[in-house]
Amino acid sequence: MDSKNVNRRTLVLDVGGTFIKCSDGRVIPVLSDGSPEEISAALKESVGGDYDYIRIAIPGPFDYREGVFRMKHKYAAVYGRSFRELAGIPAETEVEFVHDVVGPLLGELENDPSLSKGAVALITLGTGLGFAVAVDGKIRLSEDLSPADSLWDMPYRDGTLEDYVSKRGVLRAYKMTGQSGHEGITVKELSEMARSGDCDAQAAFRKAGRHLSEGAKPVLKALGVRKVLFGGQISKSLDLMAVDFGPEVEITRI
């Protein structure tokens, strides 16, 4: 957050497909496949009080300059609608929209001055594979304000890197061991199994870690990244993945 926002009444929202996480500790359920009325109600509840400045981290496609929904895979019912209008945010309240990977990286840069030297990356592991890079404290952005660099769509083996390093990638790796009876298993449950000594579950996480190491390492090297931060639900199992970007790259989970 820049200096003009210091000491102001501020709120940060992390808008996902199932929950909206608020910087004041509230977690608001939201139906991203719901009706405009249902979505609007959740957004209004998340905003809650009277603020001078609100930063909203939200996935794309989204018009980050105008604050307009452009998603069709979720929040489809409010496509083309204004976030400010749906959430009932007063005109006098300053609102900043950022990509959902850019938001956490901004927060880390603000809270840790040591990250403002050289190139630092954030990788988020969850339903998808998020990636953003900051050089000397400034995040590399494309024209539409989404991250200028990406890993999720990188061609990798018979698909993309995200196919191998994400929720579906970890679960697919486990299913390829020939296990049956676990069709509805979640990554969290798989992590618990791995920590309880299940060799096939452990192998699935290690395999995802190898894929990430292999796919991301050349990108990190080309960008001169010295430190990689990890976020997202699957990053809670980072210790099981044995990710290795080389001795010159420090890895930290936020």
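Refer to the structure presented above.
Cut-offs used in this document
- Residues numbered from 1 in each chain as written.
- Predicted model: local features only at pLDDT ≥ 70, side-chain atom pairs only at ≥ 80, totals over all residues.
- Heavy atoms only, no water.
- Helix = DSSP H or I, 4+ residues; strand = E, 2+ residues; numbered from the N terminus.
- Buried < 20%, exposed > 50% of the residue type's maximum accessible area, 1.4 Å probe, protein only.
- Areas by Shrake-Rupley, 256 points an atom, 1.4 Å probe, with all protein chains shown as cover.
- Lys, Arg positive; Asp, Glu negative; His and termini not counted.
- Charge placed at Lys NZ, Arg CZ, Asp CG, Glu CD.
- Phe/Tyr/Trp six-rings, centres within 6.5 Å; stacked < 30°, edge-to-face > 60°.
- Lys NZ or Arg CZ within 6 Å of the ring centre and 35° of its normal.
- Pairing = 2+ DSSP bridges.
- Contact = heavy atoms within 4.5 Å.
- Expected span 1.5 Å × (residues − 1).
- Bend = angle between axes of the 7 residues up to and from the residue.
- Polar contact = N/O pair within 3.5 Å; in protein donor to acceptor, adjacent residues only side chain to side chain.
- Axes fitted to C-alpha atoms, helices over the stretch in contact; angles between N-to-C directions.

Before going further, it helps to spend a moment on the overall build of the protein chain. Helices and strands together make up the secondary structure of the protein chain, namely eight helices and 14 strands. Overall, the protein chain is about 55 × 45 × 30 Å in size when its C-alpha atoms are taken along their principal axes. Burial statistics for the protein chain: of 254 residues in total, 45% are counted as buried. Here the protein chain displays about 12,700 Å² of accessible surface, and carbon together with sulfur accounts for 50% of that area. With 32 positive and 37 negative side-chain charges, the protein chain shows a spacing of 3 Å between the two charge centroids.

Time to look at the packing of aromatic side chains. The full count for this structure, using the stated rule, is eight aromatic pairs. Relative to Phe83, the ring of Phe69 has its centre 5.8 Å away and its plane inclined at 15°; by these criteria the two rings are stacked. With a gap of 14 residues between them, Phe69 in strand S6 (residues 68-69) and Phe83 in helix H2 (residues 83-87) connect regions that are remote in the sequence. Residues Phe69 and Phe83 agree in their burial class; the two are buried. Following the ring pairs from residue to residue traces out a cluster consisting of Phe62, Tyr64, Phe69, Tyr75, Phe83 and Phe97. Just above the ring of Tyr79 sits the side chain of Lys72; from NZ or CZ to the centre is 5.5 Å.

Before going further, it helps to spend a moment on the pairing of strand S8 (residues 119-125). Within a regular strand, side chains alternate between the sheet's two faces. Where burial is concerned, most of S8 is hidden: seven out of the seven residues are buried. Here S8 shows no split at all, with Ala119, Ala121, Ile123 and Leu125 on one side and Val120, Leu122 and Thr124 on the other all buried. Hairpin remark: S8 followed by strand S9 (residues 129-135), antiparallel, with three residues in the connecting loop.

Quick look at the side chain of Ser213 now. Note on placement: Ser213 falls in helix H7 (residues 199-223). Non-local contacts of Ser213, meaning those with residues more than four positions away in its chain, are made with Ala242, Val243, Asp244 and Phe245.

Looking now at H7. Over its 25 residues, H7 extends 36 Å from the first C-alpha to the last, a length consistent with the 36 Å expected when each residue adds 1.5 Å. Where H7 bends most, the angle comes to about 40°, and this point is Ala216, followed within four residues by the proline Pro218. Among the residues of H7, those classed as buried are Ala201, Ala204, Phe205, Ala208, Gly209, His211, Leu212, Ser213, Gly215, Ala216, Val219 and Leu220. Two or three places before Asp200, at the opening of H7, Asp198 has a side-chain oxygen 3.0 Å from that residue's backbone nitrogen.

This brings us to the sheet that holds strand S7 (residues 94-99). Read across the sheet, five strands follow the order S3-S2-S1-S4-S7 without closing on themselves; strand pairing throughout is mixed. Where the open sheet ends on each side, the last strands, each with one partner, are strand S3 (27-29) and S7. Taken pair by pair, the neighbouring strands of this sheet meet at an average axis angle of 20°, ignoring direction. Where strand S1 (residues 10-15) meets strand S2 (residues 19-22), three bridges bridge the pair, whose relative direction is antiparallel. Directly across from Asp14, in S2, lies its bridge partner Lys21.

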